[in-house]
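Here is how the chains run, residue by residue.
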Amino acid sequence: MSDTPTTTFGGRRAVPPNNSNAAEVDLPTEELQGVVPRGVNLQDYLTVTAVHLFKERWDSNKIDHHTDKYDNDKLIVRRGQTFYIQIDFNRPYVPRQDHFRVEYVIGRYPQENKGTYIPVPVVSELQSGKWGAKIIMNEDRSVRLSIQSSPECIVGKFRMYVAVWTPYGILRTRRNPETDTYILFNPWCEEDAVYLDDEKEREEYVLNDIGVIFYGDFNDIKSRSWSYGQFEDGILDACLYVMDKAQMDLSGRGNPIKVSRVGSAMVNAKDDEGVLVGSWDNVYAYGIPPSAWTGSVDILLEYKSSETPVRYGQCWVFAGVFNTFLRCLGIPARVVTNYFSAHDNDANLQMDVFLEEDGNVSSKLTKDSVWNYHCWNEAWMTRPDLPVGFGGWQAVDSTPQENSDGMYRCGPASVQAVKHGHVCFQFDAPFVFAEVNSDLVYITAKKDGTHVVEGVDTTHIGKLIVTKQIGGDGMQDITDTYKFQEGQEEERLALETALMYGAKKALNTEGVVKSKSDVDMDFEVGNAVLGKDFKVTITFQNNSSSLYTILAYLSGNITFYTGVSKKEFKNEAFEMTLEPLSFKKKEVLIRASEYMSHLLEQGLLHFFVTARINETGNVLAKQKSTVLTIPKVIIKVRGAVMVGSDMVVTVEFTNPLKETLQNVWIHLDGPGVTLPKRKMFREIRPNTTVQWEEVCRPWVSGPRKLIASMTSDSLRHVYGELDLQIQRRPAV
């Protein structure tokens, strides 16, 4: 009985699924028809003795294909563009009598009609959009070929063979890992679905391996650098492994729509053992806190080596890793941040904030949440599956928020379709539309069961949408790519279009929106520095000739950046009499001792002030967040800042708090300068400075960055960075 397992084929499938780039089946070295006559030596026919791929960083193949930055000794080319190889034979090649071809194979069970087996014919002239090999040199025993790949071919790692015809069948070269060839998406090729016509944009969205991610609060925007590291050793293989882990069929890996959709599901581990486990509960005992990561390299390499999800991520970490995945494979991508982002689980474009009769927020009835900010990605591609005009930037989001077709993923949703309210088009356009365009509705839930609308804020959600500017670290406002300006005719039309597709429900509230109150209320949060006291100043303006008495209260909460409250640390009620046409202030002191012990990942304090005018029964409500100013990590370098030369990097941190920091980890990263490193300090006492020195030897010239983060049991989200200009090594 044979030990070989037999393959059972289910249904109409001709071969088993071909869903792993790592799986291989060798092509036979001989495919002979019948028996070779005695006395015939197949070695007398044309035989391949060597194959040269010109795959060094300085070779034209890698420079012309913009793949010279990859820390990988294999040939890496982009599809739809010619590259060169040379084949050495045992004797001179005679075109009239000798016939050969190059073959590329990916995965198991290669099939020509699936694009997993590609025989490349030798042709007299290359044809646009088709595979072909043209002989550009035939000297001595060597033939040099210009090979052109299809702009639609599968993206991945191919095995290469050379097949020679004899009268008795085909002779083929043996499997040789040295000739393996990676083929990537090509934003430089007009026929590729990811073609981007602006060179500066290609430099930024494909070739830049360091980015800036914006976070914080709309009124206090913060930024941090992120090492995408898409060219670092092992990252390209890790990105291909992500698709293998998803069991994505190889035949779909040439389509950026499918690749980005699979990527958005696989970067989170929610339902598919993907790259990152999300955690928003401030407990990170079994992994690394999200704020400690400085880039994607450690995360992706750990995922590939351990084959298990990495702990932990939050939205900016998911977005950073997903950006690496997309750029590494050649899809132009960027990280965007939406301030006041609605998480609307039924996509009704309405965020209902329920108030109790005394003005307090009802946590029992208020289920929708508004994230202070939310990061997702945009990927650039054509959308032949949608009507003309909906290609370009597509929103893709790997943070696990809502289920889409049975998995936690989001997109690609056409940003242009979202802007115009065409939310009927796949994928997940209603969800993205809701994130940037919901209405915020304040409703009083009365004791008799009725609901009264106190106010509708149509401008709060999607207040600002930003990304890193091209060629610099500054912020680019891209709000107008997602929505028309409030009050414009086009904005109303977009909303009506969304309504037509059933994305928005009418206000399910009784009563009518109340007339404007005679009293205006606002408040300001003073400069809030971690570990220090500060003030909240509430102002009331009486615009009428009546005397009013007011009962007001301030609630201070520690909130997750997702808008979910963890702990109320301050609750202060006060009464006030407002003279006619008068203006009054009330200051409330917030002590450091009140909030320090409850702090979360991002030091975010959320204040809600409500006031009831006793004479009219009107309720005023306003909410604001503030991000605590947090100390920085200082980075210094000394020594020659040059490729191949040692330099000393010093990372320094001073504890500004009145308490000792426990279990302190400092992380250091810098693509092309140092591999990610980390060091632990058991404790750092109050006002004490710790230093950590590392010797680095840069291997990439030009503008680079060192990025550091500090995390401890009680203080997180501490960063530092240093811009470097790495000099080239002088020619000897």
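Residues numbered from 1 in each chain as written. Predicted model: local features only at pLDDT ≥ 70, side-chain atom pairs only at ≥ 80, totals over all residues. Heavy atoms only, no water.

S.K.: Quick rundown of the sheet that holds strand E22 (residues 410-414)? Include the residues and the values.
M.R.: Taking strand neighbours across the sheet as the criterion, the six strands line up as E22-E19-E18-E16-E25-E26 in an open arrangement whose pairing is antiparallel. Of all the strands in the sheet, the pair left with one neighbour each is E22 and strand E26 (475-477). Across this sheet, the average inter-strand angle for adjacent strands is 30°, counted without regard to direction. The pairing of strand E19 (residues 392-397) with E22 spans three bridges and is antiparallel. Along E22, the bridge assignment pairs Gln394 with Ser414. Its contacts with the sheet place helix H4 (residues 256-266) against strand E18 (369-381), E19 and E22, and it is angled at close to 140° to E22. Docked against the sheet, helix H8 (residues 429-437) engages strand E16 (333-343), E18, E19, E22 and strand E25 (464-468), running at close to 65° with respect to E16. (Pairing = 2+ DSSP bridges. Helix = DSSP H or I, 4+ residues; strand = E, 2+ residues; numbered from the N terminus. Axes fitted to C-alpha atoms, helices over the stretch in contact; angles between N-to-C directions. Contact = heavy atoms within 4.5 Å.)

S.K.: Describe helix H5 (residues 297-306), naming the residues involved and giving the relevant values.
M.R.: Taken together, the buried positions of H5 are Val297, Ile299, Leu300 and Tyr303. The inward-facing, buried residues of H5 abut helix H3 (235-245), H4, strand E14 (276-278), strand E15 (310-313), helix H6 (315-329) and strand E37 (674-684). Following H5 by one or two positions, Glu307 has its phi on the positive side, about 60°. (Buried < 20%, exposed > 50% of the residue type's maximum accessible area, 1.4 Å probe, protein only.)

S.K.: Mind laying out helix H10 (residues 489-500), listing which residues take part and the relevant values?
M.R.: The end-to-end C-alpha separation of H10 is 16 Å, in line with the 16 Å expected for twelve residues at 1.5 Å each. Turning to H10, its buried residues number three or more, namely Glu491, Ala494, Leu495, Thr497 and Ala498. When H10 is viewed along its axis, its buried side chains cluster within an angular range of 155° and face the same direction. The exposed residues of H10 that point more than 90 degrees off its buried face are Glu489, Leu493 and Met500. Those residues of H10 that are buried are in contact with helix H7 (415-419) and H8. (Expected span 1.5 Å × (residues − 1). Arc of directions from axis to C-beta.)

S.K.: Quick rundown of the sheet that holds strand E35 (residues 647-654)? Include the residues and the values.
M.R.: Spatially, the three strands line up as an open sheet ordered E34-E35-E38, and their pairing is antiparallel. Unpaired on one side and paired on the other, strand E34 (634-639) and strand E38 (689-696) mark the two borders of the sheet. The average undirected angle you get between the axes of adjacent strands in this sheet is 20°. Taken together, the six bridges between E34 and E35 define a ladder with antiparallel strand orientation. Residue pairing across strands places Arg638 opposite Val648, the latter belonging to E35.

S.K.: Mind laying out the confidence of the model for the chain, listing which residues take part and the relevant values?
M.R.: Mean pLDDT over the chain: 90, with 93% of residues reaching 70 or higher. Note on residues 1-10: pLDDT under 50 across the span, and four contacts to partners over four residues away in sequence or across chains. A low-confidence stretch, residues 509-513 (pLDDT under 50), is modelled with ten contacts involving residues beyond four sequence positions or located in other chains. (pLDDT = per-residue confidence, 0-100.)

S.K.: So what's going on with the pattern of salt bridges? Residues and values would help.
M.R.: Scanning the model with the defined rule gives 32 salt bridges in all. One salt bridge connects Arg261 with Asp428, and the closest N-O pair in it is separated by 3.1 Å. Placement of Arg261 in helix H4 and of Asp428 in the loop between H7 and H8 is noted, with a sequence separation of 167 residues between them. Among the charged side chains, a salt-bridge network with shared partners connects Glu31, Arg101, Glu103 and Arg172. (Salt bridge = Lys/Arg side-chain N within 4 Å of Asp/Glu carboxyl O.)

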